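Residue-level structure breakdown
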Amino acid sequence: MAHEFPVRVYYEDTDMAGIVYHANYLKYIERARSDWVRARGIDQNALREAEGIVFVVRRLEADYLAPARFDEELVVRTEVKSVSGVRLGLTQEVQRDGKPLFRAEVTLVAITSDGHPARLPGAIRRQMH
């Protein structure tokens, strides 16, 4: 089931040509991932404090398909692609009126507070399906 997160393009998001600067798509999908995790009932601050675990991006592959422009309303769709004991694979797509503008394949992993790999807690793995 896809999670949808609305985004409006602000002037500060655009370059001199009036289109969204490429790095801002990464900000859009990051916000959408945070909202997606929260919507699944996962408190990332509590997870960090109780178990010393945080999520980090391990890999990201992105395709820029069409430009977005100032003041447009966009939607970021986030879908689970795969879940394992240590990795979470997502597909994220920024859309305008249902048409894809940007697509990313994102791999998340969990690490401990000292930067070592950690297994995703079982309760979290179950919530990601």
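Scroll up to find the structure this text is about.
The model shown is predicted, which means the values in this text are computed figures rather than measured ones.

**Thoughts on the environment of glycine 85**
Residue position: glycine 85 is located in the loop between strand 3 (73-83) and strand 4 (87-96). With a relative accessible area of 16%, glycine 85 lands in the buried category. Residues glycine 85 and glycine 52, spaced 33 residues apart in sequence, show a C-alpha to C-alpha distance of 17 Å. If near-sequence neighbours (up to four positions away) are discounted, glycine 85 is found in contact with Arg119, Leu120 and Arg125.

**A look at the pattern of salt bridges**
Applying the stated criterion to the full structure yields 11 salt bridges. We note a salt bridge from glutamate 30 to arginine 33, for which the minimum N-O separation is 2.3 Å. Of this pair, glutamate 30 and arginine 33 both sit in helix 1 (residues 22-39), three residues apart, which is roughly one turn of that helix. Look at glutamate 30 and you get partly exposed, because its relative accessible area is 38%. A salt bridge links aspartate 35 to arginine 38; the nearest nitrogen and oxygen atoms lie 3.5 Å apart. You can see aspartate 35 and its partner arginine 38 sitting in helix 1, three residues apart, about one turn around the helix. A residue is classified by how much of its surface remains accessible, and aspartate 35, at 24% relative accessible area, is partly exposed. Here arginine 38 falls in the exposed class, since its relative accessible area comes to 55%.

Cut-offs used in this document
Position labels on residues start from 1 in each chain and follow its written sequence. Local features in a predicted model are, by the rule used here, given only for residues with pLDDT of at least 70; side-chain atom pairs are given and counted only at 80 or more, and totals for whole chains, interfaces and linings are based on all residues. As a convention, hydrogens and water are excluded, and side-chain values are obtained from all of the structure's heavy atoms. Only DSSP runs of H or I with at least four residues qualify as helices, and only runs of E with at least two residues qualify as strands; both kinds are numbered from the N terminus onward. Exposure classes here rest on a 1.4 Å probe applied to the protein chains alone. A residue is buried below 20% of its type maximum, exposed above 50%, and partly exposed in between. By definition in these notes, contact holds between two residues if any of their heavy atoms fall within 4.5 Å. Basic side-chain nitrogens of Lys or Arg form a salt bridge, by our definition, when they fall within 4 Å of a carboxyl oxygen of Asp or Glu.

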